[in-house]
Amino acid sequence: MRKVLVVAVGIALLGLVTGCATEEATKTKPAKVKPATAAPAKTEAAKTEPVEPKPVIQYVDTPSGRWMIHDESRPAPPVITPGTFSSTRRVGQAPSDAIVLFDGAAESMKNWTDTKGGASKWIVNEGYMESVKGAGPIQTKNGFGSCQLHVEFATPANVQGTSQGRGNSGVFLQGEYEVQVLDSFENKTYPDGQCSALYGRSVPLVNACRKPGEWQSYDIVYHSAIFKDGKITRKPTFTIFQNGVLVQDHVTLEGGTQWNGPHAISAFRPIPDKGPVQLQDHGNPVRYRNIWVRPLQD
Ligand code: MG
């Protein structure tokens, strides 16, 4: 009788073990086929709710080594002292065939709007316009493609903030590609974001900045981006002089200049053949004057 009981318990245990094994196998099988059946649901979701791609750390190979985008340890360009302006010796006066976008008079604000086409909240005072924190960018009513652009700017004489928080603004060509404006006079930041950098894309050849509060100039030769069917067919190029000194030498952009995470770059976004000249409000009161443009045939 005792033997029979032991055998019965043994059979019961075996059954339990087999049962568990079978149940486990049953659990595993559907898990294997799950992705195939779940995939269409994901595609549907992707159609209705586009997911922003995660920023990917980008590197750039240079003669000084391999660096991350926005890398503070990347060597900064040499600092030089540009020639000086005076009341009788100035460069950058508009030639006769230029389109004057801003000459210092309140009247010339008619050439500018906010990004929605309304009146800008930037202020005009004593021959300059100044960005107002929270007002957003200001941009020309008219769009331009390839052009020669002259802009004069001054970062605040009253120095506040550090790195990207000090005198930050920017000049955007075609409403899209930023030539950085920053107080880079004895102000360390990542070199591809310092003054006259093509933001996140190209470090200037030298640091030709004047002191905070002093007027500075950009002379930009720009050949525009062209897109066809949403794809870029011609990449934009920049040649830039800051205070008369060459800082970008016929540089081709390989993508956008938007901020896209600490060490990531942005892709080209399709834009029209012509776009506004846009000046950035980055929260610091940066001044602009004497802005003119000469459209180029190409
Ligand atoms: Mg900026």
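As the structure is a computational prediction, the values presented were derived from the model and not from experiment.

Draft legend 1. View of the overall build of the protein. Secondary structure summary: the protein contains one helix and 17 strands in total. Buried residues in the protein amount to 33% of all 298 residues. Within the protein, residue pairs in contact and separated by at least 24 positions form 67% of the contacts whose partners lie at least 6 positions apart.

Draft legend 2. Inspection of the pairing of strand β11 (residues 216–223) at higher detail. For strand β8 (residues 147–154) and β11, the ladder comprises seven bridges, and the chain directions are antiparallel. What sits directly across from H150, in β11, is D219. Where β11 lies against strand β14 (residues 237–242), six bridges are found, and the strand directions are antiparallel. From the neighbouring strand, Y222 faces β14, where its bridge partner is F238.

Draft legend 3. The nonpolar core, seen in detail. Within the largest apolar cluster, 39 residues are counted, with the highest numbers of intra-cluster contacts made by L149, V151, I220, I240, Y288 and V293. Every element with two or more residues in this core is listed here: β3 (99–102), β8, β9 (169–173), β10 (177–181), β11, β14 and β17 (287–295). Element by element, the count of residues in this core is highest for β8, at five residues. With near-sequence residues (within four places) excluded, V293 lies in contact with A98, I99, L101, F144, C147, Q148, L149 and V277.

Draft legend 4. Representation of unusual backbone geometry. Of note in this structure, D229 is not a glycine but carries a positive phi near 50 degrees. Judged by the 6 C-beta atoms lying within 10 Å of it, D229 is exposed. Of note, N290 is a non-glycine position whose phi angle comes to about 45 degrees, a positive value. Along the chain, N290 falls in strand β17.

Draft legend 5. Up close: the environment of K228. Inspection of the secondary structure puts K228 in strand β12 (residues 226–228). When the 10 C-beta atoms within 10 Å are taken as the criterion, K228 is described as exposed. For the pair K228 and P272, spaced 44 residues apart in the sequence, the C-alpha separation amounts to 9.5 Å.

Draft legend 6. Main features of the confidence of the model for the protein. Per-residue confidence for the protein gives a mean pLDDT of 86; residues scoring 70 or more make up 82%. In this model residues 1–43 is a low-confidence stretch, pLDDT under 50, and it forms zero contacts with partners more than four residues away in sequence or in other chains.

Draft legend 7. Inspection of the sheet that holds strand β16 (residues 278–279) at higher detail. Pairing is antiparallel in the open sheet, where five strands are placed in the order β4-β7-β16-β9-β10. Each of the sheet's edge strands pairs with one partner strand only, and the pair in question is β4 (112–113) and β10. Alignment of β9 against β10, held across five bridges, turns out to be antiparallel. Residue pairing in the sheet places S169 in a bridge with V181 of β10.

Draft legend 8. Representation of the environment of E186. With respect to the helices, strands and loops of the structure, E186 is situated in the loop between β10 and β11. Placed 21 residues apart in sequence, E186 and N207 show a C-alpha to C-alpha distance of 9.9 Å.

The rules we used
- Residues numbered from 1 in each chain as written.
- Predicted model: local features only at pLDDT ≥ 70, side-chain atom pairs only at ≥ 80, totals over all residues.
- Helix = DSSP H or I, 4+ residues; strand = E, 2+ residues; numbered from the N terminus.
- Buried ≥ 20, exposed ≤ 12 C-beta atoms within 10 Å, placed from the backbone.
- Contact = placed C-beta atoms within 7 Å.
- Pairing = 2+ DSSP bridges.
- Core = buried A, V, L, I, M, F, W, Y, C linked by C-beta atoms within 7 Å.
- pLDDT = per-residue confidence, 0-100.

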